[in-house]
Amino acid sequence: MVVASADVVITGAGPAGSAAAHYLSRYGINTILLEKSEFPRDKTCGDGLTPRAVSELIRMGFPIPEAEGWVRNYGIRAYGGGHTIEVPWPELASQPNYGSALPRKELDEKLARFAQKSGADLREGCTVTAPIQDKTGRITGVKVIPTADKKAPEVEIKAKFVLDASGVSARLAVATGREKNMRRPMGVAVRTYFASPLASTDMMESYLELWAGAAGKSELLPGYGWAFAVGNGLVNVGLGSLSSTARPTGINYRKVFNTWMQNVPPEWGFTAENQRGSLQSAALPMAFNRKPHYGDGLLLLGDAGGMVSPFNGEGIAYALASGRLAAEFIAQALGRNSLAAQDRVLQQYEAELRAELGGYYTLGRIFAALIERPEIMHLCVKYGLPRPVLMKLVMKLLSDNYDRRGGDWMDKVITALTKAVPKA
Ligand SMILES: Cc1cc2nc3c(=O)[nH]c(=O)nc-3n(C[C@H](O)[C@H](O)[C@H](O)COP(=O)(O)OP(=O)(O)OC[C@H]3O[C@@H](n4cnc5c(N)ncnc54)[C@H](O)[C@@H]3O)c2cc1C
């Protein structure tokens, strides 16, 4: 039974879906945003917003004023090989010189409400079960059930374009045969929260080596750790590992996390009494591991399109950017009067993503293949970290924190490298 129709229907109100819904509504395009949960809902994440993510929020007109409790961070503090270095976010034309962080439980609700205020028809508690396809295979809508009543009959929502922004589950992409590319990198990470004195830090803390005991004198654990101040006296603490393919790593991340926790400095206060919430884990689909990003009326956004950076596990900025681009190309497509002409416009969504990120993600794949070998990572940390100019360049590369047009010599080196490699 068809219960509603719209120009666009979006599956998932994470950052990708909400950004798309906001921009589409601003273009005056009738948009239904379906979310299986009810807000506020949790999402396993490090909650870190790099300057690239903040620049996307600024573009959306989504306010993050310090006066309303939004924390700011001004760079990365990295620890490894007995060294500690601080690399401030640089002054760029394309990004602000600060980042932020907010628990996703709050951020995602704010973004969804923002999209709603822009005019999107947000429907919470609606689980999308399958795409609707016509005889040619074109996706013309979605089937939905109430999350609270899985036995209820499915209803149909029809649309001219359907967006899969359902995160790592990629519900519609999978249902239409867009399999993940096993040869692209994949991350897995765990995180929890602590009330901690580190909550007052204004840098993103990054631990490049995790030790099972005394640093340098015990077993080196797999993975890299972080502690991000998220406001209200809390830090988001987690660790993740990166693999150059989607094969399971066999690592017991909870065990590694607990071992790491037993060996962190006591003054950080990462104790059971200070822990807020349980340890949760999730996967990070990287480097465009699921394609095509457009085909047969279906666009893949954010994690559903494998848009997490293999360099640092960041996905919010790219989820927001994909929402922005998807909306822009749909607005153009709706101005054309044949399906063939609309499809031609939407091929540009895919082309634009590749132009913006394809070379960068190929470099990320090379990076992933190198650092999954602990001996190479150890050498990089030991000899690289004490070299400030090198580290500035590396941090720009790792956090996608460079101007793609113009910029300083480092930005130009990174841009040249991204152009020298095939696009992911
Ligand atoms: C442990 C961990 C730490 C991370 N740390 C960071 C970090 O610090 N900074 C950063 O930038 N990125 C980080 N990431 C990556 C980041 O979380 C993701 O890249 C980001 O959430 C992608 O946004 P999205 O909108 O594509 O998907 P999601 O945020 O996953 O949103 C998808 C939405 O779709 C909904 N949904 C799913 N299926 C359906 C369905 N069938 N019907 C209806 N709704 C559905 C879900 O409920 C959800 O609301 C981390 C990831 C992990 C796992």
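Everything numeric in this text was worked out from a predicted model, so none of it was measured.

Each value, and the rule that gives it
Residues numbered from 1 in each chain as written. Predicted model: local features only at pLDDT ≥ 70, side-chain atom pairs only at ≥ 80, totals over all residues. Heavy atoms only, no water. Helix = DSSP H or I, 4+ residues; strand = E, 2+ residues; numbered from the N terminus. Rg over C-alpha atoms; globule rule 2.2 N^0.38 Å. Contact = heavy atoms within 4.5 Å. Buried < 20%, exposed > 50% of the residue type's maximum accessible area, 1.4 Å probe, protein only. Pairing = 2+ DSSP bridges. Near = heavy atom within 4 Å. Polar contact = N/O pair within 3.5 Å; in protein donor to acceptor, adjacent residues only side chain to side chain. Nonpolar A, V, L, I, M, F, W, Y, C, P; charged D, E, K, R; others polar. Core = buried A, V, L, I, M, F, W, Y, C linked by side-chain atoms within 4.5 Å.

Participant: Looking at this model, I keep getting lost on the overall build of the protein chain. Mind explaining?
Facilitator: Within the protein chain, the regular secondary structure consists of ten helices and 19 strands. The C-alpha atoms of the protein chain give 21 Å as radius of gyration, which agrees with the globular expectation for 424 residues (22 Å, within 12%). Taken along its principal axes, the extent of the C-alpha atoms in the protein chain is 65 × 50 × 45 Å. Sequence separation of 24 or more characterises 71% of the internal contacts of the protein chain that already satisfy a separation of 6 or more.

Participant: Would you explain the pairing of strand 11 (residues 186–195) in this entry?
Facilitator: The two faces of a sheet get side chains in turn, since along a regular strand they alternate between them. Taking burial as the measure, the ten residues of strand 11 include eight buried ones, the bulk of the element. Sheet topology note: the strand 11/strand 16 (residues 234–243) ladder contains ten bridges and is antiparallel. The residue of strand 16 that forms the bridge with valine 190 is leucine 239. Across eight bridges, the pairing between strand 11 and strand 17 (residues 275–285) is antiparallel. Bridged to glycine 187 within strand 17 is leucine 284.

Participant: How should I be thinking about helix 2 (residues 51–60) in this particular structure?
Facilitator: With respect to burial, helix 2 is a largely interior element, eight of its ten residues being buried. Where helix 2 is concerned, the buried positions are Pro51, Arg52, Ala53, Val54, Ser55, Glu56, Leu57 and Met60. Elements in contact with the buried residues of helix 2: helix 1 (15–26), strand 3 (48–49), strand 6 (100–101), helix 3 (104–118), helix 6 (316–333) and helix 7 (339–371). Backbone geometry just downstream of helix 2 places glycine 61 in the positive-phi region, at approximately 75°.

Participant: Is there a simple way to think about the site of the ligand in this case?
Facilitator: Surrounding the ligand, one finds 39 residues, the nearest of these being Glu35, Arg41, Gly46, Arg104 and Asp303. At 2.9 Å from an oxygen atom of the ligand is found a main-chain nitrogen or oxygen belonging to alanine 16. Between the ligand and arginine 104, the relevant distance is 2.7 Å, taken from an oxygen atom to a side-chain nitrogen or oxygen of the residue. Elements with a contribution of two residues or more to the shell around the ligand: helix 1, strand 2 (31–35), strand 8 (126–133), strand 15 (224–231), strand 17 and helix 6. Among the elements that line the shell around the ligand, the one with the most residues is strand 8, at three residues. A per-class count over the shell around the ligand returns 16 nonpolar, 14 polar and nine charged.

Participant: I tried to follow the nonpolar core on my own but got confused; where do I start?
Facilitator: Nonpolar side chains in soluble globular proteins tend to be buried together. Among the nonpolar cores identified, the biggest contains 89 residues, and Leu163, Leu299 and Tyr349 are the most heavily contacted of them. Those residues within four positions of leucine 163 in sequence are excluded, and the remaining contacts are Val8, Val9, Ile10, Thr11, Ala20, Leu24, Leu172, Leu298, Leu299, Leu301, Ala326 and Ile330. If you look at the next biggest cluster of nonpolar residues, it comprises 21 residues, including Val190, Tyr207, Ala229 and Val264.

Participant: How should I be thinking about unusual backbone geometry in this particular structure?
Facilitator: Note on backbone geometry: most residues besides glycine have negative phi, and most peptide bonds are trans. Backbone torsion omega between phenylalanine 39 and proline 40 reads 0°, so that peptide bond is classified as cis. Looking at the secondary structure, you find proline 40 in the loop between strand 2 and strand 3. That bond from lysine 291 to proline 292 is cis: its omega, 0°, falls within 30 degrees of zero. The residue proline 292 is located in the loop between strand 17 and strand 18 (294–295) in this model. In this model, asparagine 232 sits at a positive phi of 55°, which is unusual for a non-glycine residue. Tracing the backbone through its elements, the reader meets asparagine 232 in the loop between strand 15 and strand 16.

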